[in-house]
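If you want the building blocks of each chain, they are given just below.
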There are 4 protein chains.
Amino acid sequence: MNVAIIGLGYWGPNLFRNFSSLQEWSVSYVVDADEAKVARIVSGRTGVAGATDARVVFDDPAVDAVAIATPPNTHRALVEAALLAGKHVLVEKPLCLDPAEGEELCRLADRQGKVLMVDHTFLYTASVEKLHELIRSQTLGDVYYIDSIRVNLGLFQAHANVIEDLAPHDISIFNYLLGEEPVSVSAIAINALSDHLADAAYLTLKYPSGIIAHTHVSWISPVKVRKMMIAGSNRMATWDDVEPSEKIRVYDRGVAVEFDDDARSKMLVSYRMGDIAIPALDGSEALRKVALAFAESIRTGAANRATGRDGLAVVRTLSAARRSVERGGLFTELTNSQVEISSR
Amino acid sequence: MNVAIIGLGYWGPNLFRNFSSLQEWSVSYVVDADEAKVARIVSGRTGVAGATDARVVFDDPAVDAVAIATPPNTHRALVEAALLAGKHVLVEKPLCLDPAEGEELCRLADRQGKVLMVDHTFLYTASVEKLHELIRSQTLGDVYYIDSIRVNLGLFQAHANVIEDLAPHDISIFNYLLGEEPVSVSAIAINALSDHLADAAYLTLKYPSGIIAHTHVSWISPVKVRKMMIAGSNRMATWDDVEPSEKIRVYDRGVAVEFDDDARSKMLVSYRMGDIAIPALDGSEALRKVALAFAESIRTGAANRATGRDGLAVVRTLSAARRSVERGGLFTELTNSQVEISSR
Amino acid sequence: MNVAIIGLGYWGPNLFRNFSSLQEWSVSYVVDADEAKVARIVSGRTGVAGATDARVVFDDPAVDAVAIATPPNTHRALVEAALLAGKHVLVEKPLCLDPAEGEELCRLADRQGKVLMVDHTFLYTASVEKLHELIRSQTLGDVYYIDSIRVNLGLFQAHANVIEDLAPHDISIFNYLLGEEPVSVSAIAINALSDHLADAAYLTLKYPSGIIAHTHVSWISPVKVRKMMIAGSNRMATWDDVEPSEKIRVYDRGVAVEFDDDARSKMLVSYRMGDIAIPALDGSEALRKVALAFAESIRTGAANRATGRDGLAVVRTLSAARRSVERGGLFTELTNSQVEISSR
Amino acid sequence: MNVAIIGLGYWGPNLFRNFSSLQEWSVSYVVDADEAKVARIVSGRTGVAGATDARVVFDDPAVDAVAIATPPNTHRALVEAALLAGKHVLVEKPLCLDPAEGEELCRLADRQGKVLMVDHTFLYTASVEKLHELIRSQTLGDVYYIDSIRVNLGLFQAHANVIEDLAPHDISIFNYLLGEEPVSVSAIAINALSDHLADAAYLTLKYPSGIIAHTHVSWISPVKVRKMMIAGSNRMATWDDVEPSEKIRVYDRGVAVEFDDDARSKMLVSYRMGDIAIPALDGSEALRKVALAFAESIRTGAANRATGRDGLAVVRTLSAARRSVERGGLFTELTNSQVEISSR
């Protein structure tokens, strides 16, 4: 299948490198408004055409699919045009900025019978795969809650605050792990350096199952921390993404509490402190697996881990978070039409 | 001065050991309803009398002060009786359970001209002293926000939930470091193991200065974490209390953001990544310094780091947190009469 | 059985505390030349007599056993007197200073039919037990080599150099893990602060099986490190004794090398990078288990992990190490009569 | 200046990338016997010629310098030919295999008036620069000893044992830090997986100043460790090269020992436990600095950190280590003519 890479900023070259390395794909175009960026890739290479306008790609019937890595505010228009031109679409996160527009894009993809996939790359990392497996296999038992920390110094962005920049990672991972879309979200933002944009925030997500997931995102932490903790009734797991190799730990630890009839007056607590396991993880690049999953969905029509509707669930949560910040952290429900998360 | 130790459960023997080791103090009584606990201390020792009823102590004019380490629900009555009997009082945290009763106790201490001190031991650790110094000396610059994590597996308690058990440490430390009492608090509680009591929670405190402090407390985390991060405009500091010796780190790191007139459209960001310093800390026991500060306040009349009113501020915050949990995490103001935090 | 604790310096009170806590033992005497040290223990306690001369203990037929925690240069005379008086003996490491004297003590114990045990406490820690089990069960496969690091800042001692102070721990652990006594030892000493005594050293031990064990001991390292690594053909293990709880790690990792007929010209190497397991360890105090093993050996006559001959093997290795240092690090054989390590 | 890269295995492409990025250099040739490797670099690039035989380069008078990254056993012949052809030479470590041949190469470079530099890349890392500065500035005071650990699982090599593969890094760093060449070396090798080649080893180097440096190199350790410790009289430093950013730590710690006249009988020891500093390090690539230093030496004639004679000192040490292994670890002197280490 022929794919065109649209947008050659920070992420586009990674898309190019991964799609190029796969037998499933042939990269026929790279597109960017900046001619120099296009030239850097096409010069000395055969089989890859360059373009400064995406319409060239949409008009070429030989192109089966596009991978869009342009700024978020351009996503809606480009995805729509690509779908209307009959192309399968992989788009960088977030799918778009507005939930209503996101719903339209999902419906359009359905009508066109084309695959719409959002590049929530983390879902294809070996770490998230392992956590997902630990939950699905009931190794962790019932999930009590999930806590995430995603903080570092910078990188400040002009057109996205820290919630829009970092929280999509956590939201998409929470949703995938739990197989649910949140009901409501509380978001507390800190504007430490400028009134113009939040640079640290706390988000609390409530899920239909009653599970709570919380994330601390920040651009103003002295140290880079990428940690997630899942407390379960059977076992507990941690994910430290800064660790080069020992990322996931599974703790055979737990606690059982029993109460007498007359409730809190008599409580029996027992602790279990067993072994810790650090599983070896598949080291292959997540983005490569995204490109493979995109091909697989096109071929089979089956859902992947990051369908348009999964991406829409993230957009809806970000939108509710924005309103929660304005309301001083009040828990704010996602807009009424629940997204149907692809069953897993 | 003569002091009586009332309550010989977990903490009382530590009080006894520290007060006994100091020239400033002579322990004249140890009191507990359980005769065996009393006997374990007084047998083979001279100069220390035992009692199973605190009234013996209150009635003895030779006793100058009492250190109360009984369960929280007994504090109010014992502190009141001790003050009325003309004793100086050191009481375990929390001062009491109800803010109104706490205010009465503070006023009673004033009327009696006696010292009322709350044993918020952490305020006398070398780590908190160092963080306080870093803030007061403007080494950190303006404080952006404070983030704390205080999680581990257990120890579940029958008569206190995780907020009442762990959060007083963070609240008292936040207040001491910032020299303020919070305006309002948002508390989200998780009841993972039992509907009867919260076992994990997130608290967000808003201070008059606009600074936000956040703590994650939990009894159901597989690993013990005791970390605090203070982001400041000049430097940033972290405190890892699980580390045996390298507890405090001062990062000469920061970020500066400048905007053009037309706001977010043009943003200049510059980062500073300098050295990290790990200061050597005084290793002496914090509880010993509490006992010394108690003596000093009695002698000089000067405030210490944990006056009755400092303890009251914690009680008021816990009370507001309780109401916030009931209201689904809504930011809840502390009751109207602000506590005057002892100026530092 | 009645035991007397002889020597109340740093370690004696620990012996007293552990023997006192066990039903198997009744501590009838504590002995030290310093009356004050004796008084600190016996005052306020019944059933424990004090003495400033060990002969009192040796002459009392009610005493079954003695635990000797006096300086090393006094061991030989005290152990000999105790055995001659018909007492079972537990003595601090090292058994004595001279191999020939150590052999005499072992023979004397045999003749007297009394238990002679050396307090190599580390052999009774849960960590060493786990490593021993990993080796004996062939979980690690064939042991390739063992590397140990035992360094910190201080504590300098006047009457022992760093080899005599720290290496006995490693030597006794190596011997116990491998079930062998070394054939020869190379020791390189560094006299950084004073010509009078070595403050850092490297020891290499060669075992009859061909296995090599190496330890780096130092009093002049800025950080405390207590690490051991065992490379095996099936798995590899590390022991970090500074870690509060995650001391032992078992790596399911290995490498296989195959050569063609014509040797090094064609080499096939395959690596295995599997999971890491951190086993939960029994938390009970090792010295308590020493006291129990001492009682068990007296009751049953069975060997324990630290018999007189095991202690003698350490003394013989230290003696060879001393000669190796004088010969500039030359591998130096242990004196001719091999010690028969208690079969395990 | 025009440079030719000879050898396009693992390291050659890194040389190409770094030389290409610098204004000081123009890469005019890349050479490898394998045409495909040559094609991979020259195709689509202008200004870079390819060749499968180095003689093409030697015969071209437009080539000023060569960077040789071929297997060690080819170094002598290629370096000699390049110097005879009047080229400046940068050659991968080790300079060559035999000390006598290395001396000839150094003399030849002198006679030809050409720069001979060995790519001991580590000497140009920010970490080694910082350690060098700490020593030269007397921040550490007198160096007591240096301990290095360089272990991991693999990568086994067919034509070099673990000493030849890993120890050159430590030897070159030790020499550079101390400004000396070792007098003698003891090397103990472990052949765990095959009799054909050593896979773990301990090297002890004695320097004219009396300082001892020790390294543990291994291909059969479950974890990758790259640590160096320098104990000094004023301060101590550690280098952890596996740490992504906090590589160097400077400990304001030390110990002072004083003895009475009658030697060891009375010893006064005092410890200093001050702050720890983690300096921020320059993040630029070391190999880039090697290429710049090579250009600088050609331009100015001044020595750099890794002259031919510095590389020869490493070859001489490896040769002595080989003989020490054969003699069972005996300290073995370097061949009689001491290398004059470039003064720093």
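Fair warning: this is a prediction, and the values are worked out from it, not measured in the lab.

Colleague: How would you sum up the relation of the copies chain C and chain D? Please name residues and give values.
Modeller: Screw-axis analysis of chain C against chain D gives a translation of 0.0 Å along the axis, an RMSD of 0.0 Å, and a rotation angle of 180 degrees. Those values place the two copies in the arrangement expected of a two-fold rotation axis. Of the C-alpha atoms belonging to chain C, the one lying closest to the rotation axis is found on L330 of chain C, 2.9 Å away. In this assembly the copies share their binding face: 100% of the residues contributing to the interface of chain C also contribute to that of chain D.

Colleague: Break down the environment of R305 of chain C for me, with residues and values.
Modeller: All names here are of chain C. Locating R305 in the fold gives a position in the loop between α8 (286-300) and α9 (308-326). Measuring from C-alpha to C-alpha, the distance between R305 and L123 comes to 6.8 Å, with 182 residues separating the pair along the chain. Here the side chain of R305 touches Y176 through a polar contact of 3.2 Å, side chain to side chain.

Colleague: Run through the packing of aromatic side chains, naming residues and quoting values.
Modeller: One pass over the structure, following the stated rule, counts 24 aromatic pairs over all chains. Here Y10 of chain A and W11 of chain A contribute two aromatic rings whose centre-to-centre distance is 6.1 Å and whose plane-to-plane angle is 40 degrees, an arrangement assigned as tilted. You can call W11 of chain A partly exposed: its relative accessible area is 23%. Taking 5.1 Å as the distance between ring centres and 70 degrees as the angle between the ring planes, the aromatic pair formed by F19 of chain C and W25 of chain C counts as edge-to-face. Among the residues examined, F19 of chain C registers a relative accessible area of 1% and is labelled buried. Taken together through their ring pairs, the aromatic side chains of F19, W25 and F294 of chain A make up a single cluster. When the ring centre of F331 of chain A is taken as origin, the NZ or CZ atom of K206 of chain A, which lies over that ring, is 4.0 Å away. The ring of F122 of chain C carries the charged tip of R150 of chain C above its face, separated from the ring centre by 5.0 Å.

Colleague: Can you explain the interface of chain C and chain D? Please cite residues and give values.
Modeller: For interface size, the figure often reported is the accessible area lost on association. With 58 residues of chain C at the interface, the matching set in chain D holds 58 residues. Together chain C and chain D conceal approximately 4600 Å² of surface at their shared face, both sides included; 72% is due to carbon and sulfur atoms. Across the chain C-chain D interface, the total number found is zero salt bridges. In this structure, the connection of chain C to chain D is made through 12 residue pairs in polar contact (both at pLDDT 80 or more). When residues of the side of chain C that touches chain D are traced back to their parent elements, those giving at least two are β7 (143-153), β8 (184-190), β9 (200-206), β10 (212-218), β11 (220-232), β12 (236-240), β13 (248-260) and β14 (263-278) of chain C. Ranked by the residues each element gives to the side of chain C that touches chain D, the list is headed by β14 of chain C, at eight residues. Considering only residue class, the side of chain C that touches chain D consists of 36 nonpolar, 16 polar and six charged.

Colleague: Help me get a handle on the pattern of salt bridges, residues and values and all.
Modeller: Within this structure, the stated rule accounts for 72 salt bridges over all chains. Measuring nitrogen to oxygen at the nearest pair gives 3.5 Å for the salt bridge that ties K247 of chain B to D241 of chain B. Overall, D241 of chain B belongs to the partly exposed group, its relative accessible area being 24%. Across the pair R299 of chain C and E296 of chain C runs a salt bridge, and its minimum N-O distance is 2.6 Å. In this pair, R299 of chain C and E296 of chain C both sit in helix α8, three residues apart, roughly one turn of the helix. One salt-bridge network, in which partners are shared between bridges, spans E129, D282, K289 and R305 of chain A.

Colleague: Got a sec to walk through the sheet that holds strand β6 (residues 116-119) of chain B? Specific residues and values, please.
Modeller: Sheet strands pair by backbone hydrogen bonding; their relative direction is either parallel or antiparallel. Residue and element names in this part refer to chain B. Across the sheet, six strands lie side by side as β3-β2-β1-β4-β5-β6; this open sheet has parallel pairing. Of all the strands in the sheet, the pair left with one neighbour each is β3 (49-51) and β6. Going across the sheet, the axis of each strand differs from the next one's by a mean of 20 degrees, ignoring polarity. Note that strand β1 (residues 2-6) and strand β2 (residues 26-31) share five bridges and pair parallel. Note that in β2 the partner of N2 across the bridge is S26.

Colleague: I'd like a description of the side chain of E92 of chain A, backed by residues and values.
Modeller: Residue and element names in this part refer to chain A. With respect to the helices and strands, E92 occurs in strand β5 (residues 88-92). Salt bridges are absent for the buried E92, whose nearest opposite-charge side chain, K93, sits at 7.4 Å. Looking at E92, its side chain comes within polar contact range of the side chain of W11, at 3.2 Å. Not counting the four nearest positions on each side in its chain, E92 is found in contact with W11, L15, I68, A69, H75, V118 and D119.

Colleague: Explain the confidence of the model for chain A residue by residue, including any values.
Modeller: On average, residues of chain A score 93 in pLDDT, and 96% of them reach the 70 mark or higher. For this predicted complex, the interface confidence comes out at an ipTM of 0.93, alongside a pTM of 0.92.

Reading the values: the criteria
- Residues numbered from 1 in each chain as written.
- Chains lettered and ligands numbered in written order.
- Predicted model: local features only at pLDDT ≥ 70, side-chain atom pairs only at ≥ 80, totals over all residues.
- Heavy atoms only, no water.
- Least-squares fit on C-alpha atoms with pLDDT ≥ 70 in both.
- Contact = heavy atoms within 4.5 Å.
- Helix = DSSP H or I, 4+ residues; strand = E, 2+ residues; numbered from the N terminus.
- Polar contact = N/O pair within 3.5 Å; in protein donor to acceptor, adjacent residues only side chain to side chain.
- Phe/Tyr/Trp six-rings, centres within 6.5 Å; stacked < 30°, edge-to-face > 60°.
- Buried < 20%, exposed > 50% of the residue type's maximum accessible area, 1.4 Å probe, protein only.
- Lys NZ or Arg CZ within 6 Å of the ring centre and 35° of its normal.
- Buried area = accessible area lost by both parts, 1.4 Å probe.
- Salt bridge = Lys/Arg side-chain N within 4 Å of Asp/Glu carboxyl O.
- Nonpolar A, V, L, I, M, F, W, Y, C, P; charged D, E, K, R; others polar.
- Pairing = 2+ DSSP bridges.
- Axes fitted to C-alpha atoms, helices over the stretch in contact; angles between N-to-C directions.
- Lys, Arg positive; Asp, Glu negative; His and termini not counted.
- pLDDT = per-residue confidence, 0-100.

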